[in-house]
Amino acid sequence: MAATAAEAPPAAAPAKRGAISARTRAERKLGWMLCAPAVIVMLAVTAYPILYAVWLSLHRSDLRFPDKTAWIGLDNYVTVLSSQLWWKDLFHTIVLMVFSVSIELVLGMLLALAMHRAIFGRGLIRTTALVPYGIVTVVAAFAWRLAFSKADGGFVPVLLGLEKDPLIVTWSTYLVAILAEVWKTTPFMALLLLSGLALVPDDLHEAAKVDGATAWQRFWRITIPLMRPAILVALLFRTLDAFRIFDTVQVLSNGSNRSIETVSQLSYNTLLTRLNLGLGSAVSVLVFLCVLLIAFFYIKFLGANLAQQRGER
Amino acid sequence: MSIDRRRLFGWGTAEAVIVVAALFPIMWLISLSLKTPATVGDGRLIPKEWSFDNYSSIFHQDIFTKALRNSIGIAAISTVIAVTLASLAAYAIARLDFPGKRLILGASLTIAMFPPVSIVGPLYDMWRTLGLYDTWAGLIIPYMTFTLPLAIFTLSAFFREIPWELEQAAQMDGATPAQAFRKVILPLAAPGVFTTAILVFIYAWNDFIFALSLTSTTRAQTVPPAIQSFTGVSQFTAPTGAIAAAAIIVTIPIVIMVLFFQRRIVAGLTAGAVKG
């Protein structure tokens, strides 16, 4: 406290208003200068390309026929939205997203509770549980592909005596993709939930215990409501991530099996395999809009909850 | 006494399940990587014949050694630049008062949610025009961008905890501003900066989609897309063993990081995501 007063420039005492505004102005300028590089980079590499994507999506632009480029308005969107492929891929993406995120939420909560309450070996489970988080997604996907694919000599088909390659059948490909996602990202979910768990005061539990509440009741009535913000943040991040799923499906499908192609795959394939920038950009913009929509619903939901919580206290 | 023993047993079992579940896929990869080409497809969990041929074969392939070099270089440079830019911004956000602060945090949050696939097409087109396609810079720029939000959130959460009055106290004791910053603030800020660097490095090391779409040759291709284009020990063998060996090699740095910096990684992830 004393240090702050002593550090203030001597001019501050007599001409308070002028001096403060000069200081404030200098502080503002410094603030902007320090933030400028980061902001410029972020805008240049996301805002500009997305606007460019919107512009491309309104054109017929195919790299194989560069001289046929022309403004065609919303035609690309009409093409995409009226194609079965988009809706099929959107369906695949949503199935993967819903299953993997809900399984992760349950397992992540169990893992977080284990990390929080373990009597011994807490460090050990924290460390090993973090390993999947750090593993390169492509490597994780390969681990699952090499285990399940008959063509790659996996042990699972041998173990289960399967006739068909599980990575050719649609439902089992879904299953392997969801397993791979859940394995890879449950630790992330668990860590976010763990930080929420740390916010739940122990004495509330003690008090409820004295009043005769069972462990189950304490979990549902105390832990969950207090953790709600952390749960929603974790769900938001994981849902958006799961919607963008690319690596896992790309590796599992081995580039040829399209049975569970996702919207990211569709966008990538149209853009970079078929080199149709116009059509591909339309898909990209639609993926972006879906992400915005998901984020919007969560933030509205999240905001409402936060306000409600503050009201209760 | 018996209840305690039962609880201990319960926890032991639960922890064993967690450890096995977390590590089993890696065990399987290690086992595959040690099999000989003849036994790689036998579906056995433990190799019948052990060999390091897969490892020596990938290190004799240009595609892998160059990809490994690219991965290390690109991830390291992206980390340094992203952490530097984010430190400046996070310092301003944590310590200075200026309008637009919330806007910057809001914009960062939006970018953190941004689907990379939405800008892959435009970047591909732009990078070809600008001559950035298939170069290190062509990957460093997107990695830097996509890790900046995480880095800014994490660092500003750490910086907010630093008792900045110490700086003035040191100056009162006769230190110059530079000395005060270097000797007092820097040691306090270093753990946060270091933690952020680990998270940024993991992101850049992990990326697949940008590396797949913005590179085409060994000039800039990183390991994740390179693994896909492997050949086996000889032209006529399946690349399974080689893929497994390469997968293990790229996993090693991450496992070492996790083992040494487990606490920091946990602190960084939770600080950035929840407190930010």
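Keep in mind it's a predicted model, so treat the numbers as computed, not measured.

Calculation rules
- Residues numbered from 1 in each chain as written.
- Chains lettered and ligands numbered in written order.
- Predicted model: local features only at pLDDT ≥ 70, side-chain atom pairs only at ≥ 80, totals over all residues.
- Heavy atoms only, no water.
- Salt bridge = Lys/Arg side-chain N within 4 Å of Asp/Glu carboxyl O.
- Helix = DSSP H or I, 4+ residues; strand = E, 2+ residues; numbered from the N terminus.
- Buried < 20%, exposed > 50% of the residue type's maximum accessible area, 1.4 Å probe, protein only.
- Contact = heavy atoms within 4.5 Å.
- pLDDT = per-residue confidence, 0-100.
- Patch = residues over 30% accessible without salt bridge, like charges linked within 9 Å, V, L, I, M, F, W, Y side chains within 5 Å.
- Areas by Shrake-Rupley, 256 points an atom, 1.4 Å probe, with all protein chains shown as cover.
- Buried area = accessible area lost by both parts, 1.4 Å probe.
- Polar contact = N/O pair within 3.5 Å; in protein donor to acceptor, adjacent residues only side chain to side chain.
- Nonpolar A, V, L, I, M, F, W, Y, C, P; charged D, E, K, R; others polar.
- Expected span 1.5 Å × (residues − 1).

Hey, could you run me through the pattern of salt bridges in this one?
Residue and element names in this part refer to chain A. Considering all chains together, one arrives at 7 salt bridges over all chains under this definition. Arginine 238 is the partner of glutamate 104 in a salt bridge, and the nearest nitrogen-oxygen pair spans 2.7 Å. Remark: arginine 238 occurs in helix H10 (residues 215-243) and glutamate 104 occurs in helix H4 (residues 84-117); sequence separation between them is 134 residues. For glutamate 104, a relative accessible area of 0% corresponds to the buried category. Between aspartate 241 and arginine 238 there is a salt bridge; the shortest N-O distance is 3.3 Å. Taken together, the residues span about one helical turn, with aspartate 241 and arginine 238 both in helix H10 at a distance of 3 residues. Under the relative-accessibility criterion, arginine 238 is labelled buried at 1%. Overlapping salt bridges bring together Glu104, Glu181, Arg238, Asp241 and Arg244 as one network.

Help me understand the side chain of threonine 251 of chain B, please; the structure alone is not making it clear to me.
For threonine 251 of chain B, the location among the structural elements is in helix H11 (residues 240-275). Beyond its immediate stretch of four places on either side in the chain, threonine 251 of chain B contacts Ile135 and Val139 of chain A.

Would you mind showing me how to read the confidence of the model for chain A here?
The predicted coordinates should not be examined in detail at positions where pLDDT is low. Residues and elements named next belong to chain A. Residues with a pLDDT of 70 or more make up 89% of chain A, whose mean pLDDT is 84. Mean pLDDT across the elements of chain A ranges from a minimum in helix H1 (residues 2-7), with 42, to a maximum in H4, with 94. Below pLDDT 50 for its whole length, residues 1-16 participates in 8 contacts with residues either more than four positions away or in separate chains. For residues 306-313, every residue scores under 50 in pLDDT, and the model assigns this stretch 5 contacts once sequence neighbours within four places are set aside.

Whenever I open this one, a nonpolar patch on the surface confuses me. Can you help?
A surface patch of nonpolar side chains, about 600 Å² in accessible area, is lined by Ile94, Val98, Phe99, Ile103, Val106, Leu107 and Leu110 of chain A. For isoleucine 94 of chain A, the location among the structural elements is in helix H4.

Would you mind showing me how to read the interface of chain B and chain A here?
Accessible area lost upon the coming together of the parts is a frequently used measure of interface size. Each partner contributes to the interface: chain B provides 90 residues, whereas chain A provides 87 residues. When chain B packs against chain A, the two sides together hide about 7,800 Å² of surface, and 80% of this comes from carbon and sulfur. Linking chain B with chain A are 0 salt bridges. Counting across the chain B and chain A interface gives 10 residue pairs in polar contact (both at pLDDT 80 or more). Of all the elements, H11 of chain B adds the most residues to the side of chain B that touches chain A, at 17 residues. Across the side of chain B that touches chain A, the residue classes break down as 68 nonpolar, 15 polar and 7 charged.

Please clarify how helix H5 (residues 117-130) of chain B should be interpreted in this entry.
Count 3.6 residues to each turn of an α-helix, and residues three or four apart come out pointing the same way. Residues and elements named next belong to chain B. For H5, which comprises 14 residues, the first-to-last C-alpha distance of 20 Å matches the rise-based estimate of 20 Å (1.5 Å per residue) to within 8%. For H5, the buried fraction is high: 11 of the 14 residues fall into the buried class. Listed as buried for H5 are Val117, Ser118, Ile119, Val120, Gly121, Pro122, Leu123, Tyr124, Asp125, Met126 and Trp127. Remark: glycine 131 follows H5 within two positions and exhibits a positive phi of approximately 75 degrees.

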